Structure formats: C-alpha cells, structure tokens
Amino acid sequence: MKLKGNKILITGATSGIGEALLNTFIRLDNQVIALGRNKEKLNQLALKNNRIIPFPCDISQSEELDRLILFIEQEHPDTNILINNAGIQHNYYFEEEDAHLGKIEQEININFLAPIKLISLFLPTLQLNPNAAIVNVSSGLGLVPKKQAPVYCGTKAGLHIFTKALRYQLNNVKVFEIIPPLVDTQMTAGRGKGKISPEKLVEEFITSFKKDHYEINIGKVKLLKIINRISPALAEYIMKNGGE
Ligand SMILES: NC(=O)c1ccc[n+]([C@@H]2O[C@H](COP(=O)([O-])OP(=O)(O)OC[C@H]3O[C@@H](n4cnc5c(N)ncnc54)[C@H](OP(=O)(O)O)[C@@H]3O)[C@@H](O)[C@H]2O)c1
C-alpha cells in the first residue's frame, strides 16, 4: 500500500487505537475523515490539523450511515481507504443478569453489523479509486475467547471470518485485518496486564500495511496463533480469563 496521499475514513477516531491511527496517517501526509459520536473531541482534533475532516456519526444507526454515505459521495468521492475500527465491549454473565438484551444488540450492531453495512455502502466509491483498501479491526479474542465477554468475542470471530471471505471476493480493493492483543485504551481501563500502547500497535500495523500483509497479527497475537495451532486447549486455558 502507498502510505501517503490517501483519503482515509476511520471509525472510532476519537480515542485509543483509532486516534493513534489518525495521528499516524496525518503525519504521513494523508487526509482523514474522522468518525465518532463525541462531537467535542472531533472538533478538538480538527482544530489540530486541517487535513482532519470531522464527521459526528453513530454507526449503530442505519440513518446515520445513510447520511455518511451521502456526505462521502457528494463531498469526498476520492476516499480510498475505509478503516472499520470503532468497537465496544461489555462484560457480563448470562446467568447473573436478566436485562442484557440492550447490551447484546449494541455490541452486535457496532462491532459486526455496522462494519459490514459500511463496506457494502462504501464499495462503489472505493472501487472508483486507486490504492483502495478496507481495514477491519478484530481482536485476539475473536480467535480464542474469554469468558466475561461472549458476545464481544462472537462479534470479533464473525468479523475475522467475514474479512477473510471478503478478501476472496474483491479484486481491486485490498482487504486487511488488524488482530490486536491487549491494548492500553479506554476499553481496557482498569483491567488486564501487559498491554501495549496504541502507538506501538499502529507502528506494527504500518510496517505490514506497507508490505501488503493482509492479516496483521499484532504483538502477542503472533504467539497466540502458534500456541493455538500446537495446543488449542492451552490457548483456551490462557485466554479464558483474559483481560481485554
Ligand atoms: N483495547 C484493546 O485491548 C483491544 C484489543 C483488541 C481489539 N480492540 C478493538 O480495537 C478497536 C478500538 O478499540 P479501542 O481499544 O481503541 O477502544 P476505545 O478507546 O474505547 O475507542 C472506541 C472508539 O469507538 C468509537 N465508537 C464506539 N461506539 C460508536 C458508535 N456507536 N458510533 C461511532 N463510533 C463509536 C468511540 O468513539 P465515540 O465515543 O466518540 O463514539 C471511540 O472512538 C475496537 O474495535 C476494539 O474492539 C481493542
């Protein structure tokens, strides 16, 4: 992938991994359309650099996605990279809580349905542009789950398999997946040990992105995959009480 001169849409650019991706792509001389629900944070980001285009948007709402696509088609038809990064995680036990239907729906909408809808709506635009790519952010927990977050793990496993199959389908749009380990962000505040910084993740991602490595295992995910191949039971034992 060419690393400069792109127009990149990043979901969840207001915090954590998304904000680190935004900062790096701006430094590398790209334009970024930054998405999130936090308008104040988006405006702060846009004040820092005029190559950041803020777009407040709740990706779990279909009408918000329609509004976004109209904006892209009318004002930024040269957008050539879509990064599906926004995500949430709830930790809960099915036996202990009665009313978790709202959480279930929210996790599935934001982590799984929204990226797929965005890809479907965005594809005609991407196909018109050179150096086109889709980047989906999944998780090591989509390979081997932890017990506190079954729906989160399910959405990430779904996104992982979906991304692979999409890669088989698309001819002139490259399909990447970032598979992070535990990263030090708002999502993991107060839990987990041995976290890497979002900046370290982005550094590793950029090296692989440049070389067109499509499935990008970050940090300890490389080791997790090896352990999972040799002994799935050991991988499950390690991850079962995982911190992310
Ligand atoms: N942190 C980890 O250890 C880790 C590990 C593996 C995978 N991941 C994945 O990495 C991605 C980024 O996570 P993070 O750790 O950077 O989390 P984070 O710091 O909590 O950031 C999450 C981002 O998603 C956005 N977002 C959430 N719901 C949204 C919605 N309905 N519409 C639009 N934007 C929404 C938030 O923006 P607003 O609040 O402004 O809406 C925020 O910018 C997620 O997909 C996560 O599953 C994280």
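Residues numbered from 1 in each chain as written. Predicted model: local features only at pLDDT ≥ 70, side-chain atom pairs only at ≥ 80, totals over all residues.

Peer 1: Residues and numbers for the site of the ligand, please.
Peer 2: Close to the ligand lie 30 residues, the nearest being Gly12, Gly16, Gly36, Arg37 and Gly87. Secondary-structure elements contributing two or more residues to the shell around the ligand are α1 (16-27) and β2 (31-36). A total of three residues in the shell around the ligand trace back to one element, the largest contributor, which is α1. Grouping the amino acids of the shell around the ligand by side-chain chemistry returns twelve nonpolar, 15 polar and three charged. (Near = placed C-beta within 6 Å. Helix = DSSP H or I, 4+ residues; strand = E, 2+ residues; numbered from the N terminus. Nonpolar A, V, L, I, M, F, W, Y, C, P; charged D, E, K, R; others polar.)

Peer 1: Can you explain unusual backbone geometry? Please cite residues and give values.
Peer 2: We note that aspartate 29 has phi near 75°; this positive angle belongs to a residue other than glycine. Along the chain, aspartate 29 falls in the loop between α1 and β2. Here aspartate 212, not a glycine, exhibits a phi torsion of approximately 60°, which is positive. Using a count of 10 C-beta atoms within 10 Å as the deciding quantity, one classes aspartate 212 as exposed. (Buried ≥ 20, exposed ≤ 12 C-beta atoms within 10 Å, placed from the backbone.)

Peer 1: Account for the pairing of β2, naming residues and giving values.
Peer 2: Of all six residues in β2, five are buried; the element is thus mostly enclosed. The sheet contact formed by strand β1 (residues 7-10) and β2 spans four bridges and is parallel. Bridge pairing in β2 links lysine 7 to glutamine 31. Following the backbone out of β1, through α1 and into the adjacent parallel β2, one traces a crossover that is right-handed. Two strands pair when backbone bridges link them, and β2 and strand β3 (residues 52-56) are joined in this way by five bridges, in the parallel orientation. Residue pairing for β3: valine 32 is matched across the bridge by isoleucine 52. (Pairing = 2+ DSSP bridges. Right-handed = clockwise from strand over helix to strand, strands pointing away.)

Everything listed here is a matter of geometry and, on its own, says nothing about what the molecule does.
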